[in-house]
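Notes for the structure review
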Amino acid sequence: MAFKSYASGILGMNARNLLYLNRYNSGANKHFADDKIFTKRFLQSRNIGVAKLFHVIKHHRDLTPQFFEALPDKFVLKPNRGFAGGGIMVITEKQGPNWLTASGRVIDPEHLFLQCVDILEGKYSISGVHDDVIFEEVLEPHTDFRVLTQVGLSDVRVIVFNKVPIMAMLRVPTAESDGKANMELGAIGMGIDIGSGKTTGAAIKGKTGTHFIRRLPNGEPAAGFQIPYWEDILLDCAKIQQYTKIGFLGVDLVITKTGVKVLEINARPGLKIQIANKIPLRRRLEKISDLKVLSAEDGVKVAKKLFSEKLVQPSDFHQKPIIGIKEHVMLNTESPQRLIAQISLGAQENIIDSALVEKGFTVGDITIGEKRLKIPFTRKTIKEDYDMVISAKYLKDFYIDPNKKLEKEASEVFASVENKVLKNLDEKLCELDAQIKILSQINPQNLQEQKELFFAHKNYNPRFIYREFNIDTDYFRKELKRFPKLNHPLFPLYEKKIIELRDKIEMLAARDTNEFQDFSQKVYGKVSRHLYQQAVEFVQQKRRRMKPDTSEELDLKKAMEVLQEFLDVHSLKNWRMKILEDSVADIQVTKKESILLKKGATFQKNRLQALLIHEIGTHVFRFENGKRQPLRIFERGTAGYLQTEEGLAVYNQNALGLTLGDKAIKSALLVIAIYMGEKMGFADLFQYLRTTYRLDDEMTWSVCIKVKRGYGDTNQKGTFTKDKVYFAGNLDVEKYLKKGKIEDLYVGKIAIEDLPYMEFVEGLKKPMFLLGGKSKG
């Protein structure tokens, strides 16, 4: 079907302005997006990749000969508040006193000077008034893009609305566009399938208008090119809208050799993206306008489900359940009731026996035929052999078969229903759990800066800055209250998890307040006087016979090779390593199959061996085993699972018998620091630990950071108690293993106290990944 036939769904400029820009983008939003310098720093502080900034010129007087002589050989010159690609110059080489652009043009110093003057005088700015000149790094394109063009830097434009990336295109520069990714100047626009990240076709502006093309000028097909890092691109774009709160947003980014870098954000994105995709934008906007999208991650899921080219096969649709004229029904009250319903084809209202519910009951939450729905009821006395009447007009999602008999026993029916409801509860609860990323909210953003200040002035109490708190706490509270109580032997697992998630949300909301420690203790537990004394005794005993770790020191590259070999041996090819610029820990694993490593970190060989067992042999193995189980809670973790998991990790690394130096007592030191940190600020705690336990500065800093994160002013008394789980958990594991088997602890991410529930899990699988040899994966 021709693109023109979709005319009613195409978004025009006037409709864009009236329906979306004026409604969803405030003046402040537009000002925010227009300021490229502010935007760059804002995104960088939230771990979104951007090009490195070299210089910002604000005044004519700064354009001195000395300034131009000091410029690097490669740079991008652009206006701070420019639009439509105007004023941008990409310099790729220095030749004597002159420079070369990406398209091969020679630029002499006078030309460069005049370009800067034009920018300062507002020639390219949106408002036409004074602007700033930006000099930033030239980004090197990912090698995959060499097949498309040898000129300039291709970029990706993504339109985001309601946290959902709804349309994307790849803009490929040409010689005609002077190496710029601007369709007006002659660049090629290629549509991208949101679901797969593959190009679907291309369009280019010619002398007689825009034309659709099947092949690029170099002969490459326009469809089928895979955009690298597509998952990262979608998530970054959704996060940017969540952070900036710009309702109708365009994000321009490039894919480089080192990952995704955002060029700019646009509060007035153009509409040629519709042409590149041959898809009207307005229909997609209308489709998601009323959705409640909680997070960036949810937005990506919605986008891939709604806007993928993959056709849904008929087998993907579920048949409507078949019910008879009498059916078993579960009334989902605080104490669920198992009832019999009469299904009436002629009734106009739903009736429930007044003896079953209290006065004021008007809406019933029921489960019928494994579906849950809320319908209105009228209370009346029923003297028949059923408890309620349900009108067929409220059951449009069911087929009603008058010949179907009420054959099954109620217990059998409700066991099936409860299993179905439990599955739904499991899925929904785990989705909520995945959206609560505690460490991203607790880890300081300015860690290195504050570290330098502290070591220059040991009496200084660091002041930490955290990412903007962007969790909708009211939504989470409401969602957690909606979960029904079930008469199921596994429900206590979920009840405890609901309480834990509620406490986690309250803890994050209380960040940098006096209540933060209280909620932290609810989530992770309190360090008692007895546990503190056990930790002190442990350190004293270990110190008497402890030796320093003198094993070989490995740089990050060598450490990654060792890690990769361990992953390969255990058939964990789906796990990937990523390097972080700054991190509280040298190594950590995520539930997104990533191993995060701190840039510049070094590892003693013994310590690396211990970390292999701790991070992969425990955390990754339990996660992989949990993924195989029939319920997701064993992948995400039951309430309090972390104490068992970290305790098992410490137990496993201790079993190696390696010399680890002070690392061998770190779990106990964290307990001591949490206990003493309730009475001390950061500087006092640092001095106390270093002096009392004869620690070096790096170890002491590491311990203090872990227990004081979550506070802005670390002179405040109080601690983040999470890291007590290592020492306390090790004690729990040692006690359990006197009678139990270590294999039991590898069934998934489960707390020791929850192991008795395993007998009620239908389809429970034995652990595939275990220490002590090559895993079965």
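Definitions and cut-offs
- As a convention, each chain's residues are numbered from 1 in the sequence order in which they are written.
- In keeping with the predicted nature of the model, local features appear solely for residues at pLDDT of at least 70, side-chain atom pairs appear and are counted solely at 80 or more, and the whole-chain, interface and lining totals rest on all residues.
- Hydrogens are left out, water is left out, and the side-chain values use all remaining heavy atoms of the structure.
- Put simply, DSSP H or I for four residues or longer makes a helix, DSSP E for two residues or longer makes a strand, and each gets a number counted from the N terminus.
- When we talk radius of gyration, it's over C-alpha atoms, and the globule rule is simply 2.2 Å times the number of residues to the 0.38.
- Relative accessibility decides the category of a residue: with a 1.4 Å probe and only protein chains considered, values under 20% of the type maximum give buried, values over 50% give exposed, and everything between is partly exposed.
- Only heavy atoms enter the contact rule, under which two residues are in contact if any of them lie within 4.5 Å.
- Note that accessible areas follow from Shrake-Rupley with a 1.4 Å probe, and for residues the cover is restricted to the protein chains shown.
- Expected span of a helix: the number of residues minus one, times 1.5 Å.
- Between rings of Phe, Tyr and Trp, where Trp is taken as its six-membered ring, a pair exists when centres lie within 6.5 Å; planes separated by under 30 degrees are stacked, by over 60 edge-to-face, and by other angles tilted.
- Axis angles are defined between N-to-C directions and span 0 to 180 degrees, where every axis is a line fitted to C-alpha atoms and, for a helix, only to the segment in contact.
- Angle categories: roughly parallel below 35 degrees, roughly antiparallel above 145, roughly perpendicular from 65 to 115, and oblique for all the rest.
- Charged means Asp, Glu, Lys or Arg here, nonpolar means Ala, Val, Leu, Ile, Met, Phe, Trp, Tyr, Cys or Pro, and polar covers whatever is left, Gly included.
- Strands are treated as partners if at least two bridges between them are detected by DSSP.
- As used in this record, nonpolar core signifies buried Ala, Val, Leu, Ile, Met, Phe, Trp, Tyr and Cys residues forming a set joined through side-chain atoms within 4.5 Å.
- Values of pLDDT, ranging from 0 to 100, describe the predictor's confidence in every residue of the model.
- Think of a salt bridge as a Lys or Arg side-chain nitrogen and an Asp or Glu carboxyl oxygen that are within 4 Å of each other.

All right, on to the overall build of the protein then. Counting its secondary structure elements, the protein contains 24 helices and 28 strands. Taking 2.2 N^0.38 as the reference for a compact globule, 777 residues should give roughly 28 Å; the C-alpha atoms of the protein span a radius of gyration of 31 Å, in line with that estimate. Its C-alpha atoms give the protein principal-axis dimensions of about 95 × 80 × 50 Å. Across the 777 residues in the protein, those meeting the buried criterion constitute 52%. By sequence separation, contacts in the protein at least 24 residues apart represent 70% of the contacts at least 6 residues apart. In the structure as shown, the protein presents an accessible area of about 36800 Å², 50% of it carried by carbon and sulfur atoms.

The subject of this paragraph is helix α24 (residues 725-736). Between its first and last C-alpha, α24 extends 15 Å over 12 residues, near the 16 Å set by a 1.5 Å rise per residue. Taken together, the buried positions of α24 are occupied by Val725, Tyr726, Phe727, Ala728, Gly729, Asn730, Val733 and Tyr736. On its buried face, α24 sits against α15 (516-524), α16 (529-545), α18 (605-627), α20 (641-654) and α21 (666-677).

Let us look at unusual backbone geometry. For Lys245, which is not glycine, the phi torsion reads 60° and is therefore positive. One can find Lys245 in the loop between α6 (230-244) and β13 (248-256). Although it is not a glycine, Asp512 adopts a positive phi angle of roughly 65°. Take Asp512: it is sitting in the loop between α14 (491-509) and α15. Taking the relative accessible area as the measure of exposure, Asp512 reaches 38% and is therefore partly exposed.

This model, assessed by the stated rule, comprises 28 aromatic pairs. Centroid distance Phe455 to Trp701: 5.7 Å. Interplanar angle 45°. Geometry classified as tilted. Here Phe455, found in helix α12 (residues 447-456), pairs with Trp701, found in helix α23 (residues 697-708); they are 246 residues apart in sequence, far enough to count as distant. By relative accessible area, Trp701 is classed as buried at 6%.

Next up on the list: the side chain of His142. If you trace the backbone, His142 turns up in the loop between β6 (133-136) and β7 (155-161). Look past the residues within four positions of His142 in its chain and what remains in contact with it is Pro228, Tyr229, Ile255, Thr256 and Lys257.

Turning our attention to the packing of helix α2 (residues 27-34) against helix α3 (residues 36-44). Closest axis-to-axis distance for the α2/α3 pair is 5 Å, and the angle between their directions is 85°. With respect to α3, the element α2 is oriented roughly perpendicular. Residue-level inspection shows Phe32, Ala33 and Asp34 of α2 in contact with α3, the latter providing Lys36, Phe38, Thr39 and Phe42. The residue inventory of the contact of α2 with α3, partitioned by class, reads four nonpolar, one polar and two charged.

Looking now at the environment of Thr362. As for its position among the elements, Thr362 is in the loop between β18 (351-353) and β19 (363-368). Along the backbone, Thr362 and Val562 are 200 residues apart, and their C-alpha atoms lie at a distance of 64 Å. With sequence-adjacent residues up to four places away left out, Thr362 is seen in contact with Ile375, Pro376 and Phe377.

With mixed pairing, the three strands of this open sheet are ordered in space as β25-β27-β26. The sheet terminates laterally at β25 (576-580) and β26 (587-589), the two strands that pair on one side only. On average, adjacent strands in this sheet sit at an angle of 25° to one another, irrespective of strand direction. Examined bridge by bridge, β26 and strand β27 (residues 594-598) share three bridges and lie antiparallel to one another. Following the sheet pairing, Val589 is matched in β27 by Ile595.

Here we come to the nonpolar core. Ranked by size, the top nonpolar core spans 110 residues in total, and within it Tyr494, Met507, Phe603, Ile616, Ile672 and Leu689 carry the most contacts. For this core, the element with the most residues is α21, which contributes nine residues. Among all residues touching Tyr494, those that are not within four sequence positions of it are Leu422, Leu425, Asp426, Leu429, Leu631 and Ile633. Judged by nonpolar contacts, the second largest core, of 65 residues, contains Leu11, Ile159, Ile194 and Val293.

Time to look at the sheet that holds β19. In any sheet, the strands associate via hydrogen bonds between backbone groups, in a parallel or an antiparallel arrangement. Judged by pairing direction, the sheet is mixed, and its seven strands sit side by side in the order β20-β19-β16-β17-β22-β18-β21 without closing on themselves. This sheet does not close on itself; its edge strands, each paired only once, are β20 (371-376) and β21 (378-380). In this sheet, adjacent strand axes meet at a mean angle of 40° when their direction is disregarded. Here strand β17 (residues 337-344) pairs with strand β22 (residues 388-391) via four bridges, running parallel. Note that in β22 the partner of Ser344 across the bridge is Ser391.

A few words on the confidence of the model for the protein. The share of residues in the protein with pLDDT of 70 or more is 94%, and the mean pLDDT across the chain is 87. Predicted confidence for residues 311-318 stays below pLDDT 50, and this span has one contact to residues more than four positions away or in other chains.

Further remarks concern the environment of Val106. With respect to the helices and strands, Val106 occurs in strand β5 (residues 106-107). Accessibility expressed as a relative area gives 54% for Val106, which makes it exposed. Sequence separation between Val106 and Tyr675 is 569 residues, and the spatial gap between their C-alpha atoms is 67 Å. Setting aside residues up to four positions removed in sequence, Val106 forms contacts with Asn98, Trp99 and Leu100.

It is worth spelling out the pattern of salt bridges at this point. Under the counting rule described, the total for this entry stands at 42 salt bridges. Between Glu427 and Arg632 there is a salt bridge, and its shortest N-O distance comes to 3.0 Å. Here Glu427, found in helix α10 (residues 410-435), pairs with Arg632, found in the loop between α18 and α19 (633-636); they are 205 residues apart in sequence, far enough to count as distant. Given the relative accessible area of 35%, Glu427 is considered partly exposed. Residue Arg632 is classed as partly exposed on the basis of its relative accessible area, which comes to 21%. A salt bridge links Glu624 to Lys627, with the shortest nitrogen-to-oxygen separation between them at 3.5 Å. Pair noted here: Glu624 and Lys627 are both in helix α18, with a separation of three residues, about one helical turn.

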